[in-house]
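The lines below spell out each chain.
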Amino acid sequence: MLKEFSFGFGDSEIKVALPEERVVNVVEGKPAKAVLDVEAAVREVLNNPIGTPPLKNVIQQGDKVVIVASDITRQWVRHDLFLPTLLNELNKVGIPDEDISLIVALGAHRHHTHEENILTFGQEIVKRIAILQSHAPETDEFVYVGQTSRGKDVHLNKHVVNADKVILTGGIVHHLMAGFGGGRKAIMPGISSYSTIQENHSLCLHAVVGEGVSPECTVGKLENNPMHADMLEMAELLKPAFLLNAVFTPEGQFASFVAGHWYEAWLQGCKTANEIFGVPISGKTDLVIASAGGFPKDINLYQGSKTIGNSFMAVKSTGVVILLLECRDIMEPPDFSGWFNYDSLYERELALRKGFTVPGFIALKLGYMAKEVPHIVVSLPQNKGFFEKAGMLTAASLDEAIIMAEKIIDKKEYTITVMAHGANTVPVESV
């Protein structure tokens, strides 16, 4: 019996009828209730935190407080909706606005404009408190605070290090390298120097040159993840006083907030994020058919990489992945697309070891996944050459891609996983 499935492709949909008995997994995010009263929800967690006394007992009158907040590349965190409540609660403790500053955790990203500060944090925050920016290449802005057990020197922004109390803010989602975002990522890479970021991120590469990426640094994995473990040690050197992080619904609204100890509260937030976006599957399958969910999640391959990483987690080592990615802006961003100009994965890897960048890492990881399991991409005709440089096969239609996949799999009763919203769903094998 056939069952029809729909996949987003740019602004349109591609439909296909598949044998229902062979569709083993349909990977969809779980519904989650959105927070209706953000102010009340934030006050609740600040007064009933995890692993620390309430905020009012952690911060004392006279403290100079620094709030670390994500930059505009994380605008979806919506700091503008919850930071005013945090400021008001600090005011109640006796901390006036002039004793509070916000530092933008740029990492190695470019500086914000004044308008981007307003977009990211809201007009009220920009008017009320001083806003500083931590830009990794500015070496004189960072001070040495210690070394991790892996021998990585830690230089953090001096304005944060010199504060009486540091509050971390951000959003918790699955992360391609660190397992989960949020929490300690406000410190590393957020307010770390360029050399410190490079040393930490180099842990994502395989210990053996020529072997590509570390298998431990991947989506949803915290245990034995060297990058994550190193980040924790860096955060411990700073000893932040408090954390306030948001968890989201599949629609991008607030699902909940966590507050309290910078690690314990964040870990609880990771569990909640995984309950929403981590989808149990009964086992890996011979074929995975995945879409990012349409525009803008498939605007380019860089955005589409989330779908590729997630679908790879659901396919057998002998299987095939079919991807529906329109990629209307295939050459964007240039600091990602340029990595596919290397003649081999080895050359790509050597360049990354000389100067680590997250886009470069994603390009390398995509290359190794495509080398391990055939990836067939249904995209715009003009993207064929780019995907071939990326090590992937192309097809003009989903029907053609399925015929190609069947030849590779070479068995009649193959199993299928369907991922119509692959950018936001992480397959988790049932134990």
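Source: prediction; values computed, not measured. (Residues numbered from 1 in each chain as written. Predicted model: local features only at pLDDT ≥ 70, side-chain atom pairs only at ≥ 80, totals over all residues. Heavy atoms only, no water.)

**Quick look at the packing of aromatic side chains**
Link 1 in the chain: Inspection of the entire model under this criterion finds 13 aromatic pairs.
Link 2 in the chain: Aromatic pair Trp-76 and Phe-248: ring centres 5.4 Å apart, planes at 80 degrees, arrangement edge-to-face. Here Trp-76, found in the loop between β4 (65–70) and α3 (79–93), pairs with Phe-248, found in strand β12 (residues 242–248); they are 172 residues apart in sequence, far enough to count as distant.
Link 3 in the chain: Owing to a relative accessible area of 36%, Trp-76 belongs among the partly exposed residues under this scheme.
Link 4 in the chain: Taking the centre distance of 5.2 Å and the plane angle of 80 degrees together, the rings of Phe-336 and Phe-340 count as edge-to-face.
Link 5 in the chain: Residue Phe-340 is classed as buried on the basis of its relative accessible area of 1%. (Phe/Tyr/Trp six-rings, centres within 6.5 Å; stacked < 30°, edge-to-face > 60°. Helix = DSSP H or I, 4+ residues; strand = E, 2+ residues; numbered from the N terminus. Buried < 20%, exposed > 50% of the residue type's maximum accessible area, 1.4 Å probe, protein only.)

**Some details on the domain arrangement of the protein**
Link 1 in the chain: For the protein, the assigned domains read domain 1 (2–29 + 279–429) and domain 2 (38–248).
Link 2 in the chain: Of the roughly 1,500 Å² buried between domain 1 and domain 2 on both sides combined, carbon and sulfur atoms contribute 72%.
Link 3 in the chain: Applying the counting rule to domain 1 against domain 2 returns 0 salt bridges.
Link 4 in the chain: Sorting elements by how many residues they give to the side of domain 1 that touches domain 2 places helix α13 (residues 358–372) first, with 6 residues.
Link 5 in the chain: A class-by-class count of the residues in the side of domain 1 that touches domain 2 yields 11 nonpolar, 2 polar and 3 charged. (Domains from an automatic or database assignment. Buried area = accessible area lost by both parts, 1.4 Å probe. Salt bridge = Lys/Arg side-chain N within 4 Å of Asp/Glu carboxyl O. Nonpolar A, V, L, I, M, F, W, Y, C, P; charged D, E, K, R; others polar.)

**So, the pattern of salt bridges**
Link 1 in the chain: A complete count under the given rule lists 19 salt bridges for this structure.
Link 2 in the chain: In this structure, Asp-11 engages Arg-328 in a salt bridge whose closest nitrogen and oxygen atoms are separated by 3.0 Å. You can see Asp-11 sitting in the loop between β1 (2–9) and β2 (12–19) and its partner Arg-328 sitting in the loop between β16 (315–324) and α11 (334–337), a full 317 residues away along the chain.
Link 3 in the chain: In this structure Arg-328 comes out as partly exposed when scored by relative accessible area, which is 33%.
Link 4 in the chain: We note a salt bridge from Asp-97 to Arg-128, for which the minimum N-O separation is 2.9 Å. With Asp-97 in the loop between α3 and β5 (100–107) and Arg-128 in helix α5 (residues 123–128), the pair connects residues that are 31 residues apart, well separated along the chain.
Link 5 in the chain: A residue is classified by how much of its surface remains accessible, and Asp-97, at 17% relative accessible area, is buried.
Link 6 in the chain: Each of Asp-11, Glu-326 and Arg-328 takes part in salt bridges that share partners, so that together they form one network.

**Thoughts on helix α15 (residues 398–409)**
Link 1 in the chain: Across its 12 residues, α15 extends 16 Å between first and last C-alpha, which sits within 8% of the 16 Å expected from 1.5 Å per residue.
Link 2 in the chain: Taken together, the buried residues of α15 touch β1, β2, β15 (285–291), β16, β17 (375–378) and β18 (393–395).
Link 3 in the chain: Asp-410 occupies a position one or two residues after α15 and carries a positive phi of about 60 degrees. (Expected span 1.5 Å × (residues − 1). Contact = heavy atoms within 4.5 Å.)

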